[in-house]
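Chain by chain, the residues:
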Amino acid sequence: MATAQVQTFTYKGKDKKGKPIQGEVKGSNPSLIKAQLRKQGITPTTVKKKTPRPFTSASKPIKPADIAIFTRQMSTMMKAGVPLVQSFDIVAEGAEKDSLRDMIHTVRDDVSSGLSFGASLRKHPRYFDDLFCSLVEAGEQAGALETMLDRIATYKEKTESLKAKIKKAMTYPAAVICVAVIVTGILLVKVVPVFAETFSNFGADLPAFTLFVMGLSEAAQEWWFIWLVSFIVAIFAIREARRRSPKFEAFIDKYSLKIPVVGNIIYEAIVARFARTLSTTFAAGVPLVDALTSVAGASGNAVYRQAIIRVRDDVTTGIQLHHALRSTGKFPVMLLQMASIGEESGALDEMLEKAAIHYEESVDNAVDNLTTLLEPLIMAVLGVLVGGLLIAMYLPIFKLGSVI
């Protein structure tokens, strides 16, 4: 006999004191849910199947920032002495996204059935990577889950903050360039042809610059759709190739580090992420070799992933960490010195955390400086593009007097 499918239902009713109450509960059909609610002292008035809301913020996919908030809330609940299962209920109730709430409920049900917290999280690899799950499992085994969740929450918050800074550095110029391209395209397709029709009756030779812009306009009118499709296909192809081909990914990651100004920000962000991740895993009691394996996966850059794997292999043979890092030639002197001091003093996690803080602040300052530098540069580019088109169109008008 087939098992009835468990679904999420919403209910409204009154509690034992007669106060209105509403919420969500999982079950196979409304009748069983009503019986379950009555056992809890709730008199249900309506019970209906929950319908997804496709165009609301609640239905948006779960993002890493949501996981960071979830981890921080779980840490706060457990530090306050709230039992683990009840913490899930409290955090889920405050979740704005249906997808996040459902995921928390699923993890809660697994933990309630006897599964460990770490094992429950491993069922959701899309949201909880191996590093996250390993740290939770280490906290459970050491009997210090609330402390470990606090460390993980700090790690996730710092990581997401770093990503946000990198996006900030990239988003502004990208947005302005897109606007410039759109404005230029509109001028070429809609405005320049009007001038071209007027110039056809001039009876005089047009300036070379004007002829060049008119040629661009004719090409844009004829090929704009193909150009647009080709651009979209190219972006999609690059993303897919980077995801599917390790060699292509390594090629892109290698040359992204050589981009003027931006490459240095990416480099310092990678170093900060390396120091932060290794500090968190090592402080959690994870052996250094295993910690380096997790750090390699969280590096976010194929070049540094290979370098960290090489460091791990060297450490496995007995080489000290700072010597292994130095042999790669990929890490800054300050990080090497901090790692050396940490190994000698037995406070590697503390030294790495200080290094992470330094490079995170460095990335923050570099992003602010880049934004300040780009603003006048982008305005100049916009002026050259739009102003150049306008000048090209008005040059023949300036010669109109000589023709008359």
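To be clear, the structure that these remarks concern was listed above.
A.B. asks: Where do I start with the side chain of T328 in this structure?
C.D. replies: In this fold, T328 is placed in helix α13 (residues 321-328). Among the polar contacts made by the side chain of T328, one reaches the main-chain carbonyl oxygen of L325 at a distance of 2.7 Å. Among all residues touching T328, those that are not within four sequence positions of it are A307, R310 and V311.

A.B. asks: Honestly, the environment of V386 in this entry has me stumped. Any pointers?
C.D. replies: Mapped onto the elements, V386 comes out in helix α15 (residues 348-398). With a relative accessible area of 25%, V386 lands in the partly exposed category. Between the alpha carbons of V386 and A180 there is a distance of 8.0 Å; along the sequence they are 206 residues apart. The contact partners of V386, leaving out residues within four places of it in the chain, are V183 and L187.

A.B. asks: In this structure, what is going on with the packing of helix α10 (residues 262-283) against α15? I would like to understand it.
C.D. replies: Following both chains from N to C, one finds α10 and α15 inclined at 155 degrees, their axes separated by 8 Å at the closest point. When the axis of α10 is compared with that of α15, the two are roughly antiparallel. Where α10 crosses over α15, the handedness of that crossing is left-handed. Here the residues of the contact of α10 with α15 are counted per class, giving 19 nonpolar, 2 polar and 5 charged.

A.B. asks: Explanation requested: the environment of P332 in the structure shown.
C.D. replies: Within the element layout of this structure, P332 appears in the loop between α13 and α14 (333-345). For P332, a relative accessible area of 14% gives the class buried. A sequence separation of 65 residues divides P332 from Y267, and the C-alpha atoms of the two residues are 9.8 Å apart. Dropping the residues within four chain positions of it, P332 is found in contact with Y267, V271 and Y359.

A.B. asks: How should a nonpolar patch on the surface be read in this particular structure?
C.D. replies: A grouping of W223, W224, F225, I226, W227, L228, V229, F231, I232, V233 and I235 is seen on the molecular surface, where their side chains present a nonpolar patch of about 1,100 Å² in accessible area. Inspection of the secondary structure assignment puts I226 in helix α8 (residues 208-244).

A.B. asks: Can you walk me through the pattern of salt bridges in this structure?
C.D. replies: Close approach of charged atoms lets side chains of opposite charge pair. Enumeration according to the criterion identifies 16 salt bridges in this entry. Taking the shortest distance from any N to any O, the salt bridge between R108 and D89 comes out at 2.6 Å. Highlighted residues: R108 in helix α4 (residues 98-112) and D89 in helix α3 (residues 84-93), separated in sequence by 19 residues. R108 gets classed as buried once you look at its relative accessible area, which sits at 17%. Between K123 and D110 there is a salt bridge, and its shortest N-O distance comes to 3.6 Å.

A.B. asks: Can you walk me through α15 in this structure?
C.D. replies: Residues lying three or four places apart along an α-helix face the same way, a consequence of the helix completing one turn every 3.6 residues. Spanning 51 residues, α15 covers 72 Å between terminal C-alpha atoms, matching the ideal 75 Å at 1.5 Å per step. The largest bend along α15 reaches roughly 30 degrees and is located at L374, with the proline P376 sitting one to four residues downstream.

A.B. asks: It is not clear to me how α14 should be interpreted in this structure. Could you clarify?
C.D. replies: In this model α14 runs 18 Å from its N-terminal to its C-terminal C-alpha over 13 residues, within 8% of the 18 Å that 1.5 Å per residue would give. Along α14, the residues classified as buried are L335, L336, M338, A339, S340 and G342. Buried residues along α14 sit in contact with α10, α13 and α15. Positive phi appears at G346, one or two residues downstream of α14, with a value of about 75 degrees.

A.B. asks: What am I meant to see in the packing of helix α6 (residues 130-142) against helix α7 (residues 145-199) here?
C.D. replies: In a packed pair of helices, the relevant descriptors are the angle between the two axes and the axis-to-axis distance. Direction vectors running N to C along α6 and α7 enclose 155 degrees, while the axes themselves pass 8 Å from each other. On the basis of the axis angle, α6 is roughly antiparallel to α7. The element α6 and its partner α7 pack so that their crossing is right-handed. On α7, the residues touching L131, F132, L135, V136, G139 and E140 of α6 are L145, M148, L149, I152, Y155 and K156. In the contact of α6 with α7, the residues fall into 9 nonpolar, 1 polar and 2 charged.

A.B. asks: How do you make sense of the packing of aromatic side chains when you look at a structure like this?
C.D. replies: The geometry of an aromatic ring pair is captured by two quantities: the separation of the ring centres and the angle between the planes. Scanning all chains against the criterion turns up 8 aromatic pairs. Note on F251 and Y255: the rings are 4.8 Å apart at their centroids and 55 degrees apart in plane angle, and the pair reads as tilted. Of this pair, F251 and Y255 are both found in helix α9 (residues 246-256), 4 residues apart, which corresponds to roughly one turn of the helix. Given the relative accessible area of 41%, Y255 is considered partly exposed. An aromatic cluster is built from Y267, F274, Y304 and F331, whose rings are joined through pairwise contacts.

Reading the values: rules and limits
Residues numbered from 1 in each chain as written. Predicted model: local features only at pLDDT ≥ 70, side-chain atom pairs only at ≥ 80, totals over all residues. Heavy atoms only, no water. Helix = DSSP H or I, 4+ residues; strand = E, 2+ residues; numbered from the N terminus. Polar contact = N/O pair within 3.5 Å; in protein donor to acceptor, adjacent residues only side chain to side chain. Contact = heavy atoms within 4.5 Å. Buried < 20%, exposed > 50% of the residue type's maximum accessible area, 1.4 Å probe, protein only. Axes fitted to C-alpha atoms, helices over the stretch in contact; angles between N-to-C directions. Parallel < 35°, antiparallel > 145°, perpendicular 65-115°, else oblique. Left-handed = near helix turned anticlockwise from the far one by under 90°. Nonpolar A, V, L, I, M, F, W, Y, C, P; charged D, E, K, R; others polar. Patch = residues over 30% accessible without salt bridge, like charges linked within 9 Å, V, L, I, M, F, W, Y side chains within 5 Å. Areas by Shrake-Rupley, 256 points an atom, 1.4 Å probe, with all protein chains shown as cover. Salt bridge = Lys/Arg side-chain N within 4 Å of Asp/Glu carboxyl O. Expected span 1.5 Å × (residues − 1). Bend = angle between axes of the 7 residues up to and from the residue. Phe/Tyr/Trp six-rings, centres within 6.5 Å; stacked < 30°, edge-to-face > 60°.

Note that all results are geometric; they support no functional claim without further evidence.
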